[in-house]
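Per-entry structural report
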Amino acid sequence: MKQNGILAIMRKELARFFSDKRMVVSILLPGVLIYVMYSFMGQAMGSLYGVEEDYVPTVQVVQLPDSVVGLVETGGGLNLLEVDASAVAEAQSAVTDQTLDLLAVFPEDFDRAVAAYTPAGGQPAPNVELYYNAASTASQSAYMLLTSLLDGYEAQLANKFDINAGDKIYDLATEEDTAGTYFASLMPLLLMIFLYSGCVAVAPESIAGEKERGTIATMLITPIRRGDIAIGKILALALIALLSGASSAIGTVLALPKLMGAASDGLSANIYGVQDYLLLAAVILSTVVLLVTLISILSAFAKTVKEAQAYVMPLMILVMVLGVTAMFGGGAKTELWYYLIPLYNSVQCMVGVFSFSTVMAGVATALAANVIYTILGIFVLARMFNSEKIVFSR
Amino acid sequence: MRELLQVQGLTKTFRLSAKQQKLEKTREKVRVAVDNLSFTAYEGEIFGLLGPNGAGKTTTLRMLATLIRPDSGDAILDGASVVREPEKVRSKIGFLTSELKLEECFTPNYLFDFFSTLHGVPVEVRRQRKEALFARFGIDRYAEVKVADLSTGMKQKVSLVVSIVHDPDIIIFDEPTNGLDVLTARVVTDFLQELRSQGKTIIVSTHIFSLVEKLCDRVGILINGRMVCCDTLDQIRQGESLEDRFFTIYQETAGDGE
């Protein structure tokens, strides 16, 4: 009888959900949207910071020194055009209008002045003025190119020592470490947000919605235990939330290479083994069930779905802040008490899995703690279903 | 006759909000909705709770249905106490009020099965009962139509059927004919009489005199949360029409109350 009740409630919740096409779409849509949005963002960012390959920016130069002519010839990529000092104002407005990419004004006798200059002399160093337009990508890249050419020239003039001048690989981090650090800083936040959105899409509708529509009392006059209603609802809602979270996560994983562009070379989720994924699944499962329980309790206080959505807002901010903490601090915490803090423990476990610094005792603590919090939450929810103030509040 | 329902000193108060206090120009923080209510209903009878709006009828029925807890007092339904054994009480009663809605996205067929499961009705019994009740109320043709698409009358019939999936011995009905057209109302009252002839105990609340005169064996008149009188219909009427008698009683009671 008892099991039947939980099962019946679960089946009813799932049937209600899947019979409503709008709900199904609203759950699966985020994944598609994330994929489209991230792909688009990746493309937009790529075209924002890149200039077309064969474009050669034009630079008007006042008092062009021979050394710079040589530099640009070997370095390439710039079209130098010498102009008279009287044309500076005109050239500046051309840069502003984006009809000219860059204006470089060299001091008189630049090469001689540079050769004569000693830092100990107390005189100011010869100054090159580069006028550019930060709003134009072409101007910006011409500015950066010329700056780096000149910087290189300056370093070459007074070369005392080099850093990493050889062809060796100096970054000793393995590919795994790099990818792991990257995933560990980003994925916990994304996963937490996806899981939260999945829960919030269904739980207020199921708890506050039933109150609003007056259907929960119909269930409460049957001999089924309040605890069974709470458990049945939470399990069904968690299942749907997981589905929605999975949709978003798949969308992200597929779109990530597009978002990262060239930087994603060697960035592959293949670095994680079966054990890592199993750990992650356990953490996600316990997190979703806890989140659904929390949102259900908050929703039970509300009279309408709308009100419930207002009540759960602070929880969303909390989830996001906790997710952001994953970006700071190297690897997972080793102190066990951190794993007792609900939701924060989930973030820590995820960081651990992604950065290969899992603290097994910590994950075990977190899972146990989440189960205990969930059971407590179910008791609270069951008590609330029993409270006339909650069920009949107007 | 067996006493199937004993109500003993049932009391329920509600807190008044500051706004309400101002509105009603009162400094009382608590409003007594049901005041030390006692009555008995016997097996195989229809008992009517008659009273004006706000008399405490719905609150009383909600307490009998274990949806809200009394502040003090108790009610024993077929041996089970609403205070101590609410789950047992719920398995013995069928409760129907217009506030209890059915989820609109489901069909009558699904809802009958769902509530049968919650009541622990065996599958075979469920099938037979569903067949009989659906045929009785003409729901069979609409068995696979979503509740949202049903007419008001058909919705009410489905609600009625769903509330008695477990064939309860006590049926509690809050304003049974409210909002129904004459045809559907007739179907409901006929069915209540049919249930009585099967030996069920039925408690109805209403403010409609004709309904009480037509249906009820015994009546309790509720005014301002108090049971003013409780007796058989004939004893209460004392040869007058129930309506006239009610106004006499009302003036006698409310007169010294306000």
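Residues numbered from 1 in each chain as written. Chains lettered and ligands numbered in written order. Predicted model: local features only at pLDDT ≥ 70, side-chain atom pairs only at ≥ 80, totals over all residues. Heavy atoms only, no water.

With that settled, consider the domain arrangement of chain A. Parsing chain A into structural domains produces domain 1 (2-45 + 174-391) and domain 2 (58-156). Computed from C-alpha coordinates alone, the two centres of domain 1 of chain A and domain 2 of chain A are separated by 55 Å. (Domains from an automatic or database assignment.)

Listed as interface residues are 28 residues of chain A and, on the opposing side, 25 residues of chain B. For the pair chain A and chain B, the summed buried surface comes to about 2,400 Å²; carbon and sulfur atoms form 65% of the total. Interface area lost by chain A to chain B is led by A:I221, A:P223 and A:E388, which between them contribute 27%. For the interface between chain A and chain B, the tally reads three salt bridges. With a closest N to O distance of 3.5 Å, A:R16 and B:E103 form a salt bridge. Where chain A packs against chain B, one counts six residue pairs in polar contact (both at pLDDT 80 or more). Among the elements of the structure, α1 (2-19), α7 (175-213) and α8 (216-220) of chain A are those that each provide at least two residues to the side of chain A that touches chain B. Top element by residues in the side of chain A that touches chain B is α1(A). It accounts for nine residues. A per-class count over the side of chain A that touches chain B returns 11 nonpolar, eight polar and nine charged. (Contact = heavy atoms within 4.5 Å. Buried area = accessible area lost by both parts, 1.4 Å probe. Salt bridge = Lys/Arg side-chain N within 4 Å of Asp/Glu carboxyl O. Polar contact = N/O pair within 3.5 Å; in protein donor to acceptor, adjacent residues only side chain to side chain. Helix = DSSP H or I, 4+ residues; strand = E, 2+ residues; numbered from the N terminus. Nonpolar A, V, L, I, M, F, W, Y, C, P; charged D, E, K, R; others polar.)

The next point concerns the sheet that holds strand β7 (residues 170-174) of chain B. One key point about sheets: their strands pair by backbone hydrogen bonds, in either a parallel or an antiparallel sense. Residues and elements named next belong to chain B. Pairing in this open sheet of six strands is mixed, and the strands run β6-β7-β8-β3-β9-β10 from one edge to the other. If you trace the sheet from one side to the other, it starts and ends with β6 (93-96) and β10 (226-232), each paired once. Averaged over neighbouring strand pairs, the angle between their axes works out to 15° when direction is ignored. Examined bridge by bridge, β6 and β7 share four bridges and lie parallel to one another. Paired with G94 across the bridge in β7 is I171. Sitting on the sheet, helix α6 (residues 152-163) is in contact with β6 and β7, with an inclination near 160° to β6. Sheet strands in contact with helix α7 (residues 182-197) are β3 (46-50), β7 and β8 (201-206), and its direction is about 150° off that of β8. (Pairing = 2+ DSSP bridges. Axes fitted to C-alpha atoms, helices over the stretch in contact; angles between N-to-C directions.)

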